[in-house]
Amino acid sequence: MKYSGWPDPGELVVGKIDEIEDFGVFVDLEEYRDKRGLIHISEVASGWIKNVRDHVREGQIVVCKVLDVDESHEQIDLSLKDVNDHQRSDKIQEWKNEQKADNWMALALGEDVDDESYTAVANELIGAQGSLYEGFKQAAIHGEAALEETDLSDDEIESLVETARENVSVPYVNVTGYVDLENASPSGVDGIRKALSAAEGNGEVPEEVDLEVSYVGAPEYRIKVKAPNYKTAESQLEESARRAVAAIEDQGGMGEYHRERRTDDE
(Lines give C-alpha, C1' and ligand atoms only; values in the text may rest on other atoms or scores of the structure.)
Protein backbone atom coordinates (compact mmCIF):
# COMPACT_ATOMS: atom_id res chain seq x y z
CA MET A 1 0.00 0.00 0.00
CA LYS A 2 1.32 3.43 -0.98
CA TYR A 3 -0.05 6.70 0.37
CA SER A 4 -1.55 9.06 -2.18
CA GLY A 5 -0.72 12.28 -0.33
CA TRP A 6 2.51 14.02 0.61
CA PRO A 7 4.93 13.37 3.48
CA ASP A 8 5.24 15.93 6.26
CA PRO A 9 8.40 17.89 7.13
CA GLY A 10 10.29 16.02 9.84
CA GLU A 11 8.88 12.64 8.79
CA LEU A 12 11.18 9.69 8.16
CA VAL A 13 10.60 8.03 4.78
CA VAL A 14 11.95 4.99 2.98
CA GLY A 15 13.22 5.50 -0.55
CA LYS A 16 15.16 3.85 -3.34
CA ILE A 17 17.98 5.81 -4.93
CA ASP A 18 17.06 6.29 -8.58
CA GLU A 19 19.58 8.76 -9.96
CA ILE A 20 22.88 10.23 -8.76
CA GLU A 21 24.13 13.61 -9.95
CA ASP A 22 27.08 15.76 -8.88
CA PHE A 23 24.73 18.09 -7.00
CA GLY A 24 22.70 15.44 -5.23
CA VAL A 25 20.64 12.26 -5.26
CA PHE A 26 17.11 11.61 -6.54
CA VAL A 27 15.08 9.18 -4.48
CA ASP A 28 11.82 7.38 -5.29
CA LEU A 29 9.70 7.25 -2.13
CA GLU A 30 8.61 3.68 -1.46
CA GLU A 31 5.67 4.63 0.77
CA TYR A 32 4.14 7.36 -1.39
CA ARG A 33 2.57 6.95 -4.80
CA ASP A 34 4.44 8.75 -7.62
CA LYS A 35 6.54 10.82 -5.23
CA ARG A 36 10.23 11.61 -5.71
CA GLY A 37 12.61 13.57 -3.51
CA LEU A 38 16.03 15.14 -3.75
CA ILE A 39 18.93 14.79 -1.33
CA HIS A 40 21.20 17.75 -1.93
CA ILE A 41 24.89 16.89 -1.79
CA SER A 42 25.19 18.81 1.47
CA GLU A 43 22.60 16.48 3.04
CA VAL A 44 24.15 13.20 1.89
CA ALA A 45 26.79 13.00 4.62
CA SER A 46 28.53 15.19 7.16
CA GLY A 47 31.70 16.98 6.08
CA TRP A 48 33.07 17.69 2.64
CA ILE A 49 32.01 15.30 -0.12
CA LYS A 50 34.34 14.80 -3.08
CA ASN A 51 32.26 12.17 -4.88
CA VAL A 52 28.61 11.45 -4.06
CA ARG A 53 29.02 7.89 -5.31
CA ASP A 54 31.43 7.19 -2.48
CA HIS A 55 28.41 7.39 -0.15
CA VAL A 56 25.41 6.04 -2.11
CA ARG A 57 24.60 3.87 -5.11
CA GLU A 58 21.70 3.44 -7.53
CA GLY A 59 19.05 1.02 -6.29
CA GLN A 60 20.06 1.43 -2.64
CA ILE A 61 17.22 1.52 -0.08
CA VAL A 62 17.71 4.46 2.27
CA VAL A 63 15.88 6.16 5.13
CA CYS A 64 15.67 9.94 4.81
CA LYS A 65 14.30 12.80 6.85
CA VAL A 66 11.89 15.12 5.05
CA LEU A 67 13.25 18.69 5.26
CA ASP A 68 10.71 20.56 3.18
CA VAL A 69 7.73 19.90 0.91
CA ASP A 70 6.66 22.24 -1.89
CA GLU A 71 3.49 20.74 -3.35
CA SER A 72 3.05 23.51 -5.93
CA HIS A 73 6.43 22.68 -7.48
CA GLU A 74 6.16 18.96 -6.59
CA GLN A 75 9.44 19.16 -4.74
CA ILE A 76 10.49 17.18 -1.66
CA ASP A 77 13.80 18.01 -0.02
CA LEU A 78 15.39 15.16 1.90
CA SER A 79 18.33 14.56 4.23
CA LEU A 80 20.31 11.37 4.61
CA LYS A 81 22.81 12.62 7.17
CA ASP A 82 20.11 13.66 9.68
CA VAL A 83 19.02 10.04 10.24
CA ASN A 84 20.89 8.06 12.90
CA ASP A 85 21.41 4.30 12.95
CA HIS A 86 18.64 3.67 15.48
CA GLN A 87 16.10 5.67 13.48
CA ARG A 88 17.16 3.93 10.29
CA SER A 89 16.78 0.47 11.79
CA ASP A 90 13.37 1.19 13.32
CA LYS A 91 12.03 2.76 10.12
CA ILE A 92 13.21 -0.10 7.92
CA GLN A 93 11.56 -2.60 10.27
CA GLU A 94 8.34 -0.58 10.24
CA TRP A 95 8.42 -0.49 6.42
CA LYS A 96 9.01 -4.25 6.20
CA ASN A 97 6.14 -4.85 8.61
CA GLU A 98 3.81 -2.78 6.44
CA GLN A 99 4.89 -4.78 3.38
CA LYS A 100 3.95 -7.96 5.23
CA ALA A 101 0.60 -6.44 6.17
CA ASP A 102 0.03 -5.45 2.55
CA ASN A 103 0.43 -9.12 1.57
CA TRP A 104 -1.93 -10.16 4.37
CA MET A 105 -4.52 -7.74 3.02
CA ALA A 106 -4.40 -9.54 -0.31
CA LEU A 107 -4.89 -12.87 1.47
CA ALA A 108 -7.80 -11.54 3.51
CA LEU A 109 -9.59 -9.63 0.75
CA GLY A 110 -8.51 -11.62 -2.30
CA GLU A 111 -5.95 -10.85 -5.00
CA ASP A 112 -8.62 -9.29 -7.24
CA VAL A 113 -9.87 -6.75 -4.67
CA ASP A 114 -10.35 -3.32 -6.24
CA ASP A 115 -8.38 -0.30 -5.03
CA GLU A 116 -11.42 1.41 -3.53
CA SER A 117 -12.37 -1.58 -1.38
CA TYR A 118 -8.77 -2.16 -0.36
CA THR A 119 -8.32 1.46 0.67
CA ALA A 120 -11.59 1.49 2.63
CA VAL A 121 -10.58 -1.56 4.68
CA ALA A 122 -7.01 -0.31 5.10
CA ASN A 123 -8.21 3.05 6.39
CA GLU A 124 -10.40 1.32 8.97
CA LEU A 125 -7.44 -0.75 10.21
CA ILE A 126 -5.14 2.27 10.33
CA GLY A 127 -7.80 4.37 12.04
CA ALA A 128 -8.39 1.72 14.70
CA GLN A 129 -4.80 0.62 15.41
CA GLY A 130 -2.45 3.16 13.80
CA SER A 131 -1.08 1.01 10.98
CA LEU A 132 -1.96 -2.01 8.85
CA TYR A 133 0.58 -4.18 10.64
CA GLU A 134 -0.63 -3.19 14.11
CA GLY A 135 -4.20 -3.82 12.98
CA PHE A 136 -3.36 -7.40 12.01
CA LYS A 137 -1.25 -7.89 15.14
CA GLN A 138 -4.06 -6.78 17.44
CA ALA A 139 -6.55 -8.91 15.48
CA ALA A 140 -4.28 -11.93 16.02
CA ILE A 141 -4.14 -11.25 19.75
CA HIS A 142 -7.65 -10.01 20.56
CA GLY A 143 -9.71 -11.39 17.67
CA GLU A 144 -12.86 -9.58 16.58
CA ALA A 145 -12.70 -7.32 19.65
CA ALA A 146 -9.71 -5.49 18.15
CA LEU A 147 -11.86 -4.33 15.22
CA GLU A 148 -15.26 -3.91 16.83
CA GLU A 149 -15.01 -0.10 16.80
CA THR A 150 -14.52 -0.02 13.01
CA ASP A 151 -17.15 0.20 10.28
CA LEU A 152 -15.98 -3.07 8.73
CA SER A 153 -18.57 -5.72 7.95
CA ASP A 154 -18.76 -8.94 9.96
CA ASP A 155 -17.41 -10.89 6.97
CA GLU A 156 -14.48 -8.50 6.57
CA ILE A 157 -13.63 -8.70 10.27
CA GLU A 158 -13.85 -12.49 10.25
CA SER A 159 -11.56 -12.71 7.23
CA LEU A 160 -9.03 -10.26 8.69
CA VAL A 161 -8.92 -12.08 12.03
CA GLU A 162 -8.55 -15.48 10.37
CA THR A 163 -5.72 -14.19 8.17
CA ALA A 164 -4.03 -12.52 11.14
CA ARG A 165 -4.10 -15.65 13.27
CA GLU A 166 -2.69 -17.72 10.43
CA ASN A 167 0.16 -15.35 9.56
CA VAL A 168 1.10 -13.01 12.42
CA SER A 169 3.81 -14.13 14.82
CA VAL A 170 2.73 -12.56 18.09
CA PRO A 171 5.45 -11.94 20.69
CA TYR A 172 4.40 -13.47 23.99
CA VAL A 173 5.93 -13.21 27.42
CA ASN A 174 5.81 -15.68 30.30
CA VAL A 175 5.67 -14.87 34.02
CA THR A 176 5.46 -17.15 37.04
CA GLY A 177 4.34 -16.69 40.61
CA TYR A 178 3.35 -18.88 43.53
CA VAL A 179 0.50 -19.05 46.00
CA ASP A 180 0.44 -20.93 49.30
CA LEU A 181 -2.96 -22.45 50.14
CA GLU A 182 -3.67 -24.01 53.55
CA ASN A 183 -7.04 -25.14 54.82
CA ALA A 184 -7.51 -26.68 58.27
CA SER A 185 -11.26 -25.95 58.23
CA PRO A 186 -13.94 -28.64 57.69
CA SER A 187 -13.99 -27.84 53.92
CA GLY A 188 -10.47 -29.32 53.73
CA VAL A 189 -9.36 -30.55 50.29
CA ASP A 190 -12.62 -29.42 48.71
CA GLY A 191 -11.84 -25.87 49.80
CA ILE A 192 -8.39 -26.11 48.20
CA ARG A 193 -9.97 -27.32 44.94
CA LYS A 194 -12.32 -24.35 44.92
CA ALA A 195 -9.40 -21.98 45.46
CA LEU A 196 -7.50 -23.57 42.56
CA SER A 197 -10.53 -23.26 40.29
CA ALA A 198 -10.74 -19.60 41.24
CA ALA A 199 -7.05 -19.16 40.44
CA GLU A 200 -7.62 -20.65 37.00
CA GLY A 201 -10.25 -18.00 36.37
CA ASN A 202 -13.43 -20.09 36.20
CA GLY A 203 -13.45 -19.58 32.41
CA GLU A 204 -13.10 -15.79 32.60
CA VAL A 205 -9.43 -15.42 31.63
CA PRO A 206 -9.01 -13.20 28.50
CA GLU A 207 -8.78 -15.10 25.22
CA GLU A 208 -5.24 -13.90 24.50
CA VAL A 209 -3.93 -15.18 27.87
CA ASP A 210 -2.87 -18.72 28.77
CA LEU A 211 -2.98 -19.39 32.51
CA GLU A 212 -1.95 -22.62 34.18
CA VAL A 213 -1.97 -23.57 37.87
CA SER A 214 0.05 -26.60 39.04
CA TYR A 215 1.04 -28.28 42.30
CA VAL A 216 4.62 -27.75 43.49
CA GLY A 217 4.70 -29.10 47.05
CA ALA A 218 2.41 -28.55 50.00
CA PRO A 219 1.22 -25.88 50.52
CA GLU A 220 2.64 -24.26 47.36
CA TYR A 221 1.09 -23.97 43.90
CA ARG A 222 2.66 -22.46 40.77
CA ILE A 223 0.79 -19.98 38.55
CA LYS A 224 2.19 -19.61 35.01
CA VAL A 225 0.86 -16.90 32.68
CA LYS A 226 1.56 -16.43 28.98
CA ALA A 227 0.36 -13.10 27.55
CA PRO A 228 1.12 -10.64 24.71
CA ASN A 229 2.96 -8.20 27.00
CA TYR A 230 4.35 -7.90 30.52
CA LYS A 231 1.66 -5.54 31.74
CA THR A 232 -1.10 -8.00 30.88
CA ALA A 233 0.89 -10.98 32.13
CA GLU A 234 1.68 -9.40 35.50
CA SER A 235 -1.90 -8.19 35.90
CA GLN A 236 -3.34 -11.65 35.19
CA LEU A 237 -0.81 -13.31 37.50
CA GLU A 238 -1.70 -11.05 40.41
CA GLU A 239 -5.42 -11.37 39.71
CA SER A 240 -5.16 -15.17 39.66
CA ALA A 241 -3.39 -15.19 43.02
CA ARG A 242 -5.90 -12.72 44.46
CA ARG A 243 -8.81 -14.96 43.44
CA ALA A 244 -7.14 -18.01 44.99
CA VAL A 245 -6.41 -16.28 48.29
CA ALA A 246 -9.92 -14.81 48.49
CA ALA A 247 -11.46 -18.22 47.76
CA ILE A 248 -9.42 -20.12 50.36
CA GLU A 249 -10.19 -17.48 52.99
CA ASP A 250 -13.90 -17.84 52.19
CA GLN A 251 -13.48 -21.54 52.97
CA GLY A 252 -11.89 -20.76 56.32
CA GLY A 253 -8.31 -21.35 55.20
CA MET A 254 -5.27 -19.14 54.60
CA GLY A 255 -3.49 -18.04 51.43
CA GLU A 256 -0.40 -16.04 50.50
CA TYR A 257 0.98 -14.91 47.13
CA HIS A 258 4.74 -14.69 46.46
CA ARG A 259 6.89 -14.43 43.33
CA GLU A 260 9.78 -16.74 44.35
CA ARG A 261 9.46 -20.45 44.97
CA ARG A 262 9.79 -21.59 48.59
CA THR A 263 9.56 -25.39 48.53
CA ASP A 264 12.46 -27.75 47.79
CA ASP A 265 13.23 -28.82 44.24
CA GLU A 266 10.80 -31.26 42.77
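Residues numbered from 1 in each chain as written. Predicted model: local features only at pLDDT ≥ 70, side-chain atom pairs only at ≥ 80, totals over all residues. Heavy atoms only, no water.

## Topic: the packing of helix H1 (residues 85-109) against helix H4 (residues 154-167)
Where we set the bar: Each axis is a line fitted through C-alpha atoms, taken for helices only over the stretch in contact, and angles between the N-to-C directions span 0 to 180 degrees. Helix and strand definitions here come from DSSP, where helices need a minimum of 4 consecutive H or I residues and strands a minimum of 2 consecutive E residues; each element is numbered from the N-terminal end. Roughly parallel means an angle under 35 degrees; roughly antiparallel means over 145; roughly perpendicular covers 65 to 115; every other angle is labelled oblique. Should the near helix be turned counterclockwise from the far one by less than a right angle, the crossing is left-handed, whereas a clockwise turn marks it as right-handed. Any two residues whose heavy atoms approach within 4.5 Å are treated as being in contact. Three residue categories are used. Nonpolar comprises Ala, Val, Leu, Ile, Met, Phe, Trp, Tyr, Cys and Pro, charged comprises Asp, Glu, Lys and Arg, and polar comprises the others, including Gly.
It is the contact of H1 with H4, at a shortest axis distance of 9 Å, that shows an interaxial angle of 130 degrees. Between H1 and H4, the angle is such that the two are oblique. In terms of crossing hand, the pair formed by H1 and H4 is right-handed. Judged by residue contacts, Trp104, Met105, Leu107 and Ala108 of H1 engage Ser159, Leu160, Thr163 and Asn167 from H4. Its residues placed into classes, the contact of H1 with H4 shows 5 nonpolar, 3 polar and no charged.

## Some words on the UniProt feature "domain: S1 motif" (unreviewed entry) in the chain
To keep things clear, this is the line we draw: UniProt positions are given in the numbering used here, feature names are shortened, and annotations may be inferred rather than shown by experiment.
Look at the UniProt record and you will see "domain: S1 motif" (unreviewed entry) annotated at residues 10-81. Helix makes up 0% of residues 10-81 and strand makes up 50%, while its end C-alpha atoms are separated by 13 Å.

## Some points on helix H3 (residues 132-142)
Each full turn of the α-helix corresponds to 3.6 residues, which orients residues three or four apart in the same direction. The line we're drawing: Categorising residues by exposure relies on relative accessible area from a 1.4 Å probe, with only protein chains included: less than 20% of the type maximum marks a residue as buried, more than 50% marks it as exposed, and the intermediate range marks it as partly exposed.
Most of H3 is tucked away, with 8 of its 11 residues classed as buried. Considered for burial, the residues of H3 that qualify are Leu132, Tyr133, Gly135, Phe136, Gln138, Ala139, Ala140 and Ile141.

## Some thoughts on the packing of aromatic side chains
Applicable threshold: Stacked, tilted and edge-to-face pairs are distinguished by plane angle, under 30 degrees for stacked and over 60 for edge-to-face with tilted covering the rest, among Phe, Tyr and Trp rings (Trp via its six-membered ring) whose centres lie within 6.5 Å.
Applying the stated criterion across every chain yields a total of 4 aromatic pairs. For the ring pair Trp104 and Phe136, a centre distance of 5.5 Å and an interplane angle of 65 degrees mean the geometry is edge-to-face. Note that Trp104 is positioned in helix H1 and Phe136 in helix H3, a separation of 32 residues in sequence. Pair check on accessibility: Trp104 and Phe136 agree, each one buried. When the centroid spacing of 5.4 Å and the interplanar angle of 65 degrees are considered together, the rings of Tyr215 and Tyr221 count as edge-to-face. The class for Tyr215 is partly exposed, based on a relative accessible area of 48%. Members of the aromatic cluster, each reached through a chain of ring pairs, are Trp104, Tyr133 and Phe136.

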